[in-house]
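Commentary on secondary and tertiary structure
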Amino acid sequence: MPHLTIPIHPVQGPIVELIVGLSAPRAQALKAAGTAVPPSITVKFLLDTGASSTVLDETIIAPLKLVPTGQIMVNTPTTGGAPVARFQYDIALMLYHVDNSRFFQNLPIIATDFSAQKIGGLLGRDILSKCLLVYNGPGDRFALAF
Amino acid sequence: MLLLTENEVMSNPLATELATFEKMKEDLLCHEGKYAVIFGEDLLGVYDTYEDALKIGYEKCKLEPFLVKKIQAVEPINYFSRSIFSSCPT
């Protein structure tokens, strides 16, 4: 099972870089329409076991020309008792490994503003449920196997 | 019932599709757990997986807005321990 062992960022925590691109069906639709397919982007994700699903910084939505194809209900400490509706976008994610990268071809995600937190997104339990995560606090490292 | 924020009601590219889904939801519940693809006021089909539904959506609708929605009697809530949204988001 390929794995990455990465130092824990002293401020941001367990950060892993993933490559974000268009889902395969959306890329094909753009090509068929004669529209250029936006290049994939490397994004810093915080591993977050407290996130039901993966979240992307909304500044990445525009360059990837993403449009919503779904909507889900979300609840956070600041939404109060009533959940709020958020758009879902479909993307592709790649966990890069020199020998055996892992692709998530059609992944529904939601978006929000992470600019103040200096991260590009949260890697939630939709992806973490397919990985093995070892958080070595005393060793200041974490390992993510996929 | 989906609750849209005020801004999303004002400029929701999926407003028609979401309303269509709500209208059809009772009839679609016999397919609970599968994924519906809605384009405007039309149901394009029901598919076993999100991947299949997304593929059909783009094949049939091209770059026009369409909705992929999991058919569930009770709309699940996604929880986030970080305060990533306010009650009145963007």
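Within every chain, residues take consecutive numbers counted from 1 along the sequence as written. Chains carry letters and ligands carry numbers; both start at the beginning, A for chains and 1 for ligands, and go up in the order they are written. This being a predicted model, a pLDDT of at least 70 is required before a residue's local features are given, and a value of 80 or more before pairs of side-chain atoms are given or counted; all residues contribute to the totals for chains, interfaces and linings.

This brings us to the overall build of chain A. The helix and strand tally for chain A stands at two helices and ten strands. We count a stretch as a helix when DSSP gives it H or I for four or more residues in a row; a strand needs E for two or more, and each element gets its number in order from the N terminus. Starting at the N terminus and ending at the C terminus, chain A contains elements arranged as β-β-α-β-β-β-β-β-β-α-β-β. Along the three orthogonal principal directions, the C-alpha set of chain A runs to about 50 × 45 × 25 Å. The proportion of buried residues among the 146 residues of chain A is 38%. Think of it this way: build a C-beta for each residue from its backbone, and any pair within 7 Å is a contact. Sequence separation of at least 24 residues holds for 65% of the intrachain contacts in chain A that already meet a minimum separation of 6. Our exposure labels follow a C-beta count within 10 Å of each residue's own C-beta, placed from the backbone: buried means 20 or more other C-beta atoms, exposed means 12 or fewer, and partly exposed covers the counts in between.

Residues and elements named next belong to chain B. At least two bridges found by DSSP between two strands are what make those strands a pair. Reading across from one edge, β2-β1-β3 is the order of the three strands in this open sheet, with antiparallel pairing throughout. This sheet does not close on itself; its edge strands, each paired only once, are β2 (42-47) and β3 (67-70). Going across the sheet, the axis of each strand differs from the next one's by a mean of 25°, ignoring polarity. Sheet analysis places strand β1 (residues 35-39) next to β3, joined by four bridges and oriented antiparallel. Across the sheet, the residue bridging to V37 is V68, located in β3. Strands in contact with helix α2 (residues 15-28) are β1, β2 and β3; relative to β1, the strand with the most contacts, it is inclined by about 140°. Structural elements are reduced to axes, namely lines fitted to C-alpha atoms, with helices fitted over the stretch in contact, and the angle between N-to-C directions of any two is expressed from 0 to 180 degrees. Helix-sheet contacts for helix α3 (residues 50-61) involve β1, β2 and β3, and the interaxial angle to β1 is about 15°.

So, about the packing of helix α1 (residues 24-32) of chain A against α3(B). At a minimum axis distance of 9 Å, the contact between α1(A) and α3(B) shows a crossing angle of 10°. Relative to α3(B), the element α1(A) lies roughly parallel. On the side of α1(A), the interface is formed by P25(A), R26(A), Q28(A) and A29(A), while α3(B) contributes L54(B), K55(B) and Y58(B). Throughout this entry, Asp, Glu, Lys and Arg are counted as charged residues, while Ala, Val, Leu, Ile, Met, Phe, Trp, Tyr, Cys and Pro are counted as nonpolar. The remaining residues, Gly among them, count as polar. The residue inventory of the contact of α1(A) with α3(B), partitioned by class, reads four nonpolar, one polar and two charged. Roughly parallel refers to an angle under 35 degrees, roughly antiparallel to one over 145, roughly perpendicular to one between 65 and 115, and oblique to any angle outside these ranges.

Another aspect to go through is the environment of A51(A). With respect to the helices and strands, A51(A) occurs in the loop between β3 (41-47) and β4 (55-57). A C-alpha to C-alpha distance of 16 Å links A51(A) and Q117(A), two positions 66 residues apart in sequence.

Turning to the interface of chain A and chain B, a few remarks are in order. Tallying the contact residues gives 36 residues for chain A and 34 residues for chain B. When residues of the side of chain A that touches chain B are traced back to their parent elements, those giving at least two are α1, β5 (70-75), β6 (84-95) and β7 (102-112) of chain A. The element that contributes the greatest number of residues to the side of chain A that touches chain B is β5(A), accounting for six residues. Grouping the constituent residues of the side of chain A that touches chain B by class yields 17 nonpolar, 15 polar and four charged. Two strands pair when backbone bridges link them, and β5(A) and strand β4 (residues 77-79) of chain B are joined in this way by three bridges, in the parallel orientation.

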